[in-house]
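Examination of the molecular architecture
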Amino acid sequence: MKLLTIFPILCTITAAADVTKTTSPLPTDEHGDYNAADIIEWIRSKPDGIIHESLRVGREKPGDPNSINGLFVKSDAKAIEKGEAIAHIPWDCTINPGKKYRFNKYESCKNIDELAKELRLGEESTKAPYVRYLSSLPRGTMLGEWNEAAKDFLSVVLGHNELPPYEDGWKFDFEIDWVKECGGNENDKFERAAYHLNHSRDEDTLMVPIYDMMNHSNDPKKLNTLSYKPKEAGDVFRVVASRRIEPGEQVYNSYNRCNKCSIDLFGVDPEECETFSHYRTSEILSYFGFVEDFPQSWIFDSTDSSDGDVPSEFDTCMLKNPETGEIDVYWGVERADDHDIQWAKAQLKRLRKLLKKKDKLEEELVGEDEDKVGRYQWDIIWRYHGALETALEAAVEASFFDSSDDRIGKDEL
C-alpha cells in the first residue's frame, strides 16, 4: 500500500509528529522543492541499487507550491524505454520483516514493529535517509488518524455504515489491527506513527523508498510501470517501465491495478498481480486517505437488516469519457435490482439533503480546535461525498437500460 505522495514542503495538513531525533534538513533542488537526493545517492551506493538517470523527484511544476509532488522523467533527459529498470531497491534499503518475509504475505505485525524501531533510532538508523523522509511526512492524512469530530462527520456522510467504506475498516483500525491483533501499545507514539505509515505506504509487508513516492493512477493511458517484489528475503525490489515514458511525463503506479474492473475492462493480466492491489474506490479512501479519479470501482451493500440480513449487493465499474465528460457504467457480477435502485435513490436523497446544509455545517463544525473538523479533512469528506453522489446517480440512471454488452453511457439516456 502507498499513500498518494504528499511531501512535507507541500503539506498544509498538520505538522509531522515528533517521533524521531531527526536533525538533518531534507534536501531540496534549486526551486526549494524536496528532491530525495540523499535517498537516491544512498540507494545508488549499494551494489544492486539502481535509480534511472532520467528520474527526478519533485513537483510537476518546479517551484510551484500548488503543484503536485511525485516522480517524473526529467524534461531535459532521455525517455525511459519500455522494459528499462526505473529502480532496483536493495533489500537492506527497505524496511522489512526480516526472515519472516513471505512473498505471498500481505500484512505483517513484524514489519510495523521494525518501522517503529527505525523511527526511534532516527538519524542513528542505518536507513537514516529514508527514515528522515518518513519522519517528516505529515500526520492526519489517514482516516484512522483523524480526530473524533472528523470521524463523526464522515460517519454522518456515510449514513452511519450505510455506504462504504464501512467503519470497521477505518474508524477503529489501529485499535483492532495493531493493539488487539499485534499486541501493540496504543500509547506509544512511535508505534502509532509506524502503523499509519506502514498501512498507507507499504507494498504488502515492505517499506520501499522512492517506489512509495509514486502517485496513483489506474487510467491505462497514464499507468506506465510494473513492480516486482522480492521472491525471498534478501532479494531486490524492482520497478520497470511498462511502456515508453517521455521526458516531462509523470511516473505512475496503480494502488489497485488488479481490481476486477482493471482485469475485465483494461485487460490487466492477473499473472502480473504480485501485490495485493484489488482495492475499490472506497477502500482507496480508507487505506490511503484520498479520493481517486476515474476509472472508479464500487460495490454497494443495500442489505436491509430488517429483512433477515438477506445479502443484496451491486457492483459497478465507472469510466469517464475524456471527450464528453460522460460517465460510462459497466455492471459487475452483481447487477442492481429494483430493491437496490430504491435504496440508491434513498441514499441520493439523503446526500443531497446534506449538501444543502454544507455552508451551515461548515460554520458549526470546521476549525483549528481539537473538537473541530480540520480543513483538510473537511475537503476530503466533501470530495468523497461528490464521488458517492456521482456513482449512485450513474448507477440509478444506467439501471433503466439494458444492453447486450453491459455497457450503458449517460450519452445514451
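Because the structure is predicted, anything quoted here is derived from the model rather than measured.

Attention now goes to the pairing of strand β2 (residues 55-59). Along β2, four of the five residues are buried, which leaves the element largely enclosed by surrounding structure. With five bridges joining them, β2 and strand β3 (residues 69-73) adopt antiparallel strand pairing. Within the sheet, the bridge partner assigned to Arg 59 lies in β3 and is Asn 69.

Below, the discussion takes up the pattern of salt bridges. What the rule picks out here adds up to 23 salt bridges. Measuring nitrogen to oxygen at the nearest pair gives 3.5 Å for the salt bridge that ties Lys 117 to Glu 114. Residue Lys 117 and its partner Glu 114 are located together in helix α2 (residues 109-121), separated by three residues, close to a single helical turn. By relative accessible area, which is 37% here, Lys 117 ends up partly exposed. With a closest N to O distance of 2.8 Å, Arg 132 and Glu 123 form a salt bridge. Assessed through its relative accessible area of 11%, Arg 132 is described here as buried. Among the ionic contacts, a cluster of salt bridges with common partners joins Lys 110, Asp 113, Glu 114 and Lys 117.

Within the structure shown, the criterion is met by one disulfide. Linked covalently through their sulfurs, Cys 109 and Cys 182 form a disulfide whose S-S length is 1.9 Å. The chirality of the disulfide connecting Cys 109 with Cys 182 is left-handed, given an S-S dihedral of about -70 degrees. Taken together, the residues Cys 109 in helix α2 and Cys 182 in the loop between α5 (173-181) and α6 (189-201) connect sequence positions 73 residues apart. With relative accessibility at 32%, the residue Cys 109 sits in the partly exposed group.

The rules behind these values
- Residues numbered from 1 in each chain as written.
- Predicted model: local features only at pLDDT ≥ 70, side-chain atom pairs only at ≥ 80, totals over all residues.
- Heavy atoms only, no water.
- Buried < 20%, exposed > 50% of the residue type's maximum accessible area, 1.4 Å probe, protein only.
- Helix = DSSP H or I, 4+ residues; strand = E, 2+ residues; numbered from the N terminus.
- Pairing = 2+ DSSP bridges.
- Salt bridge = Lys/Arg side-chain N within 4 Å of Asp/Glu carboxyl O.
- Disulfide = S-S within 2.5 Å.

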